[in-house]
Amino acid sequence: MDKLVCVKDFEEAAFRILDNNALQYYKSGADDELTLSDNKDAFKRWMIRPRMLRDVSKRNISTTVLGKPVAFPLGVSPTAMQRLAHPDGECANVRAAASMGTIYILSTISTSSLEEVAAAAPNGRKWFQLYVYKDRDLTASLVKRAEKCGFEALVFTVDAPYFGRRRANLRDGFALPPHLRLANFPKGSENSEALGKDRHSAFAFHDALLDQALTWEDVHWLRKLTKLPIIVKGILLPEDAETAIQYGATGVMVSNHGARQLDTVAATIDALPGIVERVAGRCEVYLDGGVSTGNDVYKALALGAKMVFAGRALLWGLAVGGEQGARKILQIYRDEFDLTMALTGTPNVDSLTRDCVRKYGMTSHL
Ligand code: HOC
């Protein structure tokens, strides 16, 4: 692992290690995968504007999110079925995040349960990603379990009334290996044995749970159900961010679901500034999608994100080295971000402003 020094190195190594079933599931985006590449490319369209001679000998890259500290402003985005990447899956990932002083968001579609993940890192900061299912009792029981296990916030994913078309999975199918189960659902409900045998049944099981009739009223329903902060994830437009606040959201996450839902939507870094402009000061704004380097973290914070999250990168870390691999990924983001702060003359995250970056082509001067 010593020779792997950036997220890209881990990605390449993971591509060699993962079996095709897991790899195609993790790496795929929707349709032509234009947004999948644009999520990354869009970061390259923003230049950094470094300031000189500003005493950067002492820096503080910690910040606060929902009023509590994080060691640096990159956390772990929810990704499903992490034990496809490594036998320790979600438990390894949450321990890595906790040891690095950052936030781990557990997917509902996890291969370790809420309870197992909570026990793996009792003192780490943990949020729970949630779908509001047709079966509201099932949804409410997930919320109650998250509360009981000490998850601090709910991350309500709103961009998936149906799942997007990921062509590799349509061609080759996806099989949940028989030794794994979707651990947050009551034993037997998802018929683990059948999931192993029928290549499409894991998706079929979950598709049947999704509620295509969701509206903003369901954010309100969730608001009444729990006192936990609600982060609405999957927001790409300022007007939706505004509506999320009206219906009780504490924060919004600018996200296109890792470009796995609707192709040719905006890259998240391009969607961010308009959303920040609209809701600044009224709720925290987070971002995921395409964050591959410490420079990307810097750019997103300069454009107003309070914190950013990476999903796939942690899967690559897990695949390469389990908990240690996941931790190394977080260290890489932290160290790259810290160096960017130093080389730009930015001693702390509060000094990051819109002026720290500029979009190529916006003006004739820097
Ligand atoms: C077996 C059910 O958010 C994704 C995930 C959720 C997938 C559900 C799979 O792949 O985008």
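Each value, and the rule that gives it
- Residues numbered from 1 in each chain as written.
- Predicted model: local features only at pLDDT ≥ 70, side-chain atom pairs only at ≥ 80, totals over all residues.
- Heavy atoms only, no water.
- Salt bridge = Lys/Arg side-chain N within 4 Å of Asp/Glu carboxyl O.
- Helix = DSSP H or I, 4+ residues; strand = E, 2+ residues; numbered from the N terminus.
- Buried < 20%, exposed > 50% of the residue type's maximum accessible area, 1.4 Å probe, protein only.
- Polar contact = N/O pair within 3.5 Å; in protein donor to acceptor, adjacent residues only side chain to side chain.
- Contact = heavy atoms within 4.5 Å.
- UniProt positions renumbered as here; feature names shortened; annotations may be inferred.

Caption draft 1: A look at the pattern of salt bridges. Considering all chains together, one arrives at 21 salt bridges under this definition. The partner of Arg45 in a salt bridge is Asp270, with the nearest N and O atoms 2.9 Å apart. Highlighted residues: Arg45 in the loop between helix 3 (34-44) and strand 1 (46-48) and Asp270 in helix 12 (residues 268-279), separated in sequence by 225 residues. A residue is classified by how much of its surface remains accessible, and Arg45, at 31% relative accessible area, is partly exposed.

Caption draft 2: Region of interest: the side chain of Thr79. Following the sequence through the fold, Thr79 ends up in the loop between strand 4 (74-76) and helix 4 (89-99). The buried category is assigned to Thr79, whose relative accessible area is 14%. One polar contact links Thr79 to Gln82, side chain to side chain, over a distance of 2.9 Å. Apart from residues lying up to four places away in sequence, Thr79 is in contact with Ser107, Gly311, Arg312 and Leu315.

Caption draft 3: Here's a closer look at the UniProt feature "active site" (unreviewed entry) in the protein chain. UniProt records the feature "active site" (unreviewed entry) at His257, using the numbering of this structure. Looking at where His257 falls in the secondary structure, it is placed in the loop between strand 9 (251-254) and helix 12. On the basis of relative accessibility, which here comes to 12%, the residue His257 falls in the buried class. Beyond its immediate stretch of four places on either side in the chain, His257 contacts Tyr131, Thr157, Asp159, Ala160, Phe163 and Arg166. Within the structure, His257 has its side chain in polar contact with the side chain of Asp159 (distance 2.8 Å).

Caption draft 4: Representation of unusual backbone geometry. A positive phi angle, near 50 degrees, is found at Leu66, a position not held by glycine. Tracing the backbone shows Leu66 in the loop between strand 2 (63-65) and strand 3 (68-70). With relative accessibility at 23%, the residue Leu66 sits in the partly exposed group. The backbone of Thr264 sits at a positive phi, close to 70 degrees, despite the residue not being glycine. Mapped onto the fold, Thr264 is located in the loop between strand 9 and helix 12. Here Thr264 falls in the exposed class, since its relative accessible area comes to 58%.

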